[in-house]
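# Architecture and fold: a report
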Amino acid sequence: MDRSSALIQQLLAFSRKQILSPRILDLNTVVEETAKMIRRLIGEDIELVLSLERPLWMVKADPDQIGQVLLNLCVNARDAMPRGGHLTIATHSSNIDHEVMPGIVPGQYTILTVSDDGIGMPPAVQSRIFEPFFTTKPMGKGTGLGLSMVYGIVKQSGGHIGVDSELDQGTSIKILFPAVDEVVTEIEADEAVSITGKGETILVAEDEDALRESVAAYLEHHGYNVLKASNGEEALSVATQHQGPIHLLLTDVVMPKMEGTELATEFAKLRPGIPTLFMSGYTDHRLLEQIPRTNRPTVLQKPLNLHSLLAAIGGAIKKKT
Ligand SMILES: Nc1ncnc2c1ncn2[C@@H]1O[C@H](COP(=O)(O)OP(=O)(O)OP(=O)(O)O)[C@@H](O)[C@H]1O
Ligand SMILES: [Mg+2]
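Residues numbered from 1 in each chain as written. Chains lettered and ligands numbered in written order. Predicted model: local features only at pLDDT ≥ 70, side-chain atom pairs only at ≥ 80, totals over all residues. Heavy atoms only, no water.

## A closer look at the overall build of the chain
Broken down by element type, the chain carries eleven helices and twelve strands. A buried classification covers 49% of the 321 residues belonging to the chain. Contacts spanning at least 24 positions in sequence make up 72% of the contacts within the chain whose residues lie at least 6 apart. Just so you have it, the chain exposes about 16,500 Å², and 53% of that area is on carbon and sulfur atoms. (Helix = DSSP H or I, 4+ residues; strand = E, 2+ residues; numbered from the N terminus. Buried < 20%, exposed > 50% of the residue type's maximum accessible area, 1.4 Å probe, protein only. Contact = heavy atoms within 4.5 Å. Areas by Shrake-Rupley, 256 points an atom, 1.4 Å probe, with all protein chains shown as cover.)

## Things to note about helix H9 (residues 260–270)
Turning to H9, its buried residues number three or more, namely Gly260, Thr261, Leu263, Ala264 and Phe267. Down the axis of H9, the sector holding all buried residues measures 155°, keeping them to one side. (Arc of directions from axis to C-beta.)

## A few points about the pattern of salt bridges
For the structure shown, the criterion picks out eight salt bridges. Across the pair Glu266 and Lys269 runs a salt bridge whose closest N-O atoms are separated by 3.1 Å. Taken together, the residues Glu266 and Lys269, both in helix H9 and three residues apart, mark about one turn of the helix. Using a relative accessible area of 26% as the deciding quantity, one classes Glu266 as partly exposed. When salt bridges that share partners are traced, they join Asp209, Arg212, Glu213 and Lys228 into one network. (Salt bridge = Lys/Arg side-chain N within 4 Å of Asp/Glu carboxyl O.)

## A short note on the sheet that holds strand S7 (residues 170–178)
Either a parallel or an antiparallel arrangement is found when strands of a sheet pair, and the pairing is made through backbone hydrogen bonds. Reading across the sheet, the five strands line up as S2-S4-S5-S7-S6 and stay open at both edges, with mixed pairing between neighbours. Each edge of the open sheet is held by one strand with a lone partner, namely strand S2 (46–52) and strand S6 (160–166). For this sheet the average axis-to-axis angle between neighbouring strands, irrespective of direction, equals 15°. Along the sheet face, helix H3 (residues 63–79) touches S2, strand S4 (85–96), strand S5 (107–116) and S7 and points at about 35° away from the line of S5. Packing of helix H5 (residues 146–156) onto the sheet brings it into contact with S6 and S7, and relative to S6 it is tilted by some 140°. (Pairing = 2+ DSSP bridges. Axes fitted to C-alpha atoms, helices over the stretch in contact; angles between N-to-C directions.)

## Some points on the site of ligand 1
Around ligand 1, the surrounding shell holds 19 residues, and the nearest of these are Thr135, Thr136, Lys137, Thr143 and Leu147. In this structure, an oxygen atom belonging to ligand 1 sits 2.8 Å away from a side-chain N or O atom of Asn76. The side chain of Lys137 places a nitrogen or oxygen atom 2.6 Å from an oxygen atom of ligand 1. A total of 600 Å² of accessible area belongs to ligand 1 in isolation, and the protein chains cover 94% of it. Counting residues per element, the ones that place at least two in the shell around ligand 1 are H3 and H5. Among the residues forming the shell around ligand 1, the class breakdown is eight nonpolar, nine polar and two charged. (Near = heavy atom within 4 Å. Polar contact = N/O pair within 3.5 Å; in protein donor to acceptor, adjacent residues only side chain to side chain. Nonpolar A, V, L, I, M, F, W, Y, C, P; charged D, E, K, R; others polar.)

## A word on the nonpolar core
The biggest cluster of nonpolar side chains holds 40 residues, and the ones touching the most others in it are Ile38, Leu87, Ile89 and Ile175. Put simply, the parts of the chain that give this core at least two residues each are helix H2 (27–42), S2, strand S3 (59–61), H3, S4, S5, H5 and S7. The element best represented in this core is H3, accounting for eight residues. Counting residues in each nonpolar core, the second largest holds 21 residues, with Tyr224, Leu250, Met279 and Ile317 among its members. (Core = buried A, V, L, I, M, F, W, Y, C linked by side-chain atoms within 4.5 Å.)

## Considering the pairing of S7
Where a strand is regular, its side chains alternate between the two sheet faces. Burial analysis of S7 places seven of its nine residues in the buried class, the great majority of the element. Bridge count between S5 and S7: eight bridges; the pairing is antiparallel. By the bridge assignment for S7, Thr113 is matched with Lys174. The pairing of S6 with S7 spans seven bridges and is antiparallel. Looking at the pairing, Gly162 lines up with Lys174 of S7. In this antiparallel pair of consecutive strands, S6 and S7, the connection spans three residues, and Asp168 shows a positive phi of 70°.

## Digging into the environment of Leu249
Following the sequence through the fold, Leu249 ends up in strand S10 (residues 248–252). Leu249 gets classed as buried once you look at its relative accessible area, which sits at 0%. Considering only alpha carbons, one finds Leu249 and Ala239, ten residues apart in sequence, at a separation of 9.7 Å. Setting aside anything within four residues of it in sequence, one finds Leu249 in contact with Leu203, Leu263, Ala264, Phe267, Ile274, Pro275, Thr276 and Leu277.

## Here we look at the confidence of the model for the chain
Scored by pLDDT, the chain comes out at a mean of 84, with 83% of its residues at no less than 70. Low pLDDT (under 50) marks residues 184–193, which in the prediction has twelve contacts with non-local residues, meaning those over four places away or in another chain. (pLDDT = per-residue confidence, 0-100.)

Take a look at the structure:
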């Protein structure tokens, strides 16, 4: 057994003892933290290429386990490229609306892909790779447990895994993790949050009339006083003219005239320290990255879950008072 497979064996042994501790994490961080070890494992004839999309939607998983998934996939890729080649680790987030893999539920996913340009696999091998103890490697070289462990971890994290491979063309292993809404998950965990208002004032900026009106009606029904605006500029003038306090700004991210992010910045100058909640479609995440991490915004995913909306508003206002 060479040094690197000994290392993998150690990691496997370690993982069996390990208590699963899933948390909300950025897969890019795990890739970056594991990259140094991967470089050591694959040697000098294989070039490691990282293609990491930023920002990524967060996922819920155990970072040590995801690290082990990566190491296993990379060792397999190395073994498939005895004469060198390219090993690519890619991440991206995507809204999936059709069955790209059997049994997949439409929704938002963060996808991790590990590809090589090695020997590839014939269909007969491909269909068996996740079976425990299935290996094509000589005795003492492989246990055939690598991918079955990977499969187990992916399933424990609520994810899906697929393989795409062609003989002599290389292999690509794709793992889809369901994206989690960081903030809403946290708020939902806090059951103590009171979710109806006591007459607090909320400024709602949303250019889509139907959504703005229904959110406003819903909030009024749950004890809030609502000020409405159909874009950022209008929201600022409403905030300037309104005499009483404003307890919270609820704004869409993408709006004509002035984006929600800019509105939030300008609003903070007028009314410092007032919490802001963003409502966002899945394509709007890049804009939010412009906001400094220190006042990282709370983002509610559209379509809005009205219960989560009330919980988020209740939580943000309570934190403030
Ligand atoms: N990137 C790849 N390219 C070509 N074949 C692969 C690749 N990854 C996996 N395989 C095939 O799938 C089989 C099973 O992989 P798995 O990782 O489960 O076990 P192993 O690598 O053989 O042994 P171990 O991981 O325990 O050292 C491999 O023996 C190989 O035939
Ligand atoms: Mg393996």
